[in-house]
Amino acid sequence: MKTLIISAFLCLSATILSAQEIMELDATELTYAPYNSSISQSGDSFTYKVSERFNGQFAEDPIAFMDAHFDIQKVINAAEDKNYDSYLVTFKSNNGYMRADFDGEGKLIKTHQNFKNVILPLALRKDMHNTYKGWTLVKTKYNAKTKGDLLVKALYRVKLENGNQRQNLKIDARDQGIGVVVN
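Note that the structure is predicted; figures quoted are calculated from it, not measured.

**Student:** What is the right way to look at the environment of Ser86 in this model?
**Tutor:** The residue Ser86 is located in strand β3 (residues 86-93) in this model. Among the residues examined, Ser86 registers a relative accessible area of 26% and is labelled partly exposed. Each C-alpha atom, one on Ser86 and one on Asp44, is 7.1 Å from the other, the two residues being 42 residues apart in sequence. When sequence neighbours within four positions are dropped, the list of residues in contact with Ser86 reads Asp44, Asp101, Phe102, Asp103 and Gly104.

Next comes the structure, spelled out in structure tokens:
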């Protein structure tokens, strides 16, 4: 019995020691794959089809997404012979759009954003859950306007249902005060 325990201990320690070998891995190569995009033109208006990595990525912060994935200077250089005074670029995604108006040099003048089925901010969801217990969130819309990068108007439209009762809410996204709209 003593021999069996000693031989089992030796086999086990040999197995553990052989598992501690250092294995050298081959080098990996990382590449950057930019978003695939398609731009169509009609006069001085351009339409940019947004490719999102996950649903709602564009709607979370459309201006930041535009800054990161769109270069207006490339559009201006491509249309250099046309000499436009301004450029209207519409960014379309699966759940909405943003229209951005640029001047002739490429400076952002204003935007108009319209998205449906957006995810409300966490604090607003908690507040609505506490205020409207028993109600079901049916539909959400988000509309916003900016002057340059400054947010001028931001409004959530929320539709709630509780059995046969329906309620529409307009929520100012800038201060998140809830106001009820009469149907």
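This is not the end of the story, as more comes after the structure.
**Student:** How should I be thinking about the pairing of strand β1 (residues 38-42) in this particular structure?
**Tutor:** Where β1 and strand β2 (residues 45-49) come together, five bridges link them in antiparallel fashion. Residue pairing in the sheet places Ile39 in a bridge with Tyr48 of β2. Counted between consecutive antiparallel strands, the loop separating β1 from β2 contains two residues, among which Gly43 sits at a positive phi close to 70°.

**Student:** Looking at this model, I keep getting lost on the packing of aromatic side chains. Mind explaining?
**Tutor:** Working definition: an aromatic ring pair is given by the centre-to-centre distance plus the angle between the planes. Enumeration according to the criterion identifies 11 aromatic pairs in this entry. Ring geometry for Phe58 and Phe91: centres 6.4 Å apart, planes at 40°, overall tilted. Of this pair, Phe58 sits in helix α2 (residues 57-60) while Phe91 is found in strand β3, placing the two residues 33 residues apart along the sequence. Residue Phe58 is classed as buried on the basis of its relative accessible area of 0%. One aromatic cluster is present, built from ring pairs that chain together Tyr48, Phe58, Phe65, Phe70, Phe91, Phe102 and Phe115.

**Student:** What's the story with a nonpolar patch on the surface in this structure? I'm lost.
**Tutor:** Among the surface-exposed residues, Met1, Leu4 and Ile5 lie close enough to one another that they form a single nonpolar patch of about 390 Å² accessible area. Along the chain, Leu4 turns up in helix α1 (residues 2-18).

**Student:** Looking at this model, I keep getting lost on a positive patch on the surface. Mind explaining?
**Tutor:** Together, Arg99, Lys110, Lys116, Lys139, Lys141, Lys145, Lys147, Lys153, Arg157 and Lys170 make up a positively charged patch on the protein surface. For the positive patch, the leading source of residues is strand β6 (residues 136-147), giving four residues. Here Lys139 is to be found in strand β6.

About the cut-offs
Residue numbers restart at each chain and count upward from 1, following the sequence in its written direction. Local features in a predicted model are, by the rule used here, given only for residues with pLDDT of at least 70; side-chain atom pairs are given and counted only at 80 or more, and totals for whole chains, interfaces and linings are based on all residues. Neither water nor hydrogens contribute to the side-chain values; these are computed over all heavy atoms in the structure. The helix and strand labels rest on DSSP assignments: H or I over at least four residues marks a helix, E over at least two residues marks a strand, and numbering proceeds from the N terminus. Relative accessibility under 20% of the residue-type maximum defines a buried residue, over 50% an exposed one, and the middle range a partly exposed one, all with a 1.4 Å probe and only protein chains included. Should any heavy atoms of two residues lie within 4.5 Å, those residues are counted as being in contact. Here a strand pair is declared whenever DSSP counts at least two bridges between the two strands. Two rings from Phe, Tyr or Trp (for Trp, the six-membered ring) form a pair when their centres sit within 6.5 Å of each other. Planes less than 30 degrees apart are called stacked, planes more than 60 degrees apart edge-to-face, and all others tilted. Two distance rules govern patches: like charges are joined within 9 Å, and nonpolar side chains (Val, Leu, Ile, Met, Phe, Trp, Tyr) within 5 Å, applied only to residues with over 30% relative accessible area and no salt bridge. A 1.4 Å probe and the Shrake-Rupley method give the accessible areas. Residues count as covered only by the protein chains that appear here. For this analysis, a salt bridge means a side-chain nitrogen from Lys or Arg found within 4 Å of a carboxyl oxygen belonging to Asp or Glu. Charge counting follows a simple rule: Lys and Arg are positive, Asp and Glu are negative, and His as well as the terminal groups are ignored. Charge coordinates come from a single atom per side chain, which is NZ of Lys, CZ of Arg, CG of Asp or CD of Glu.

Without other data, these values stay purely geometric and don't point to any function.
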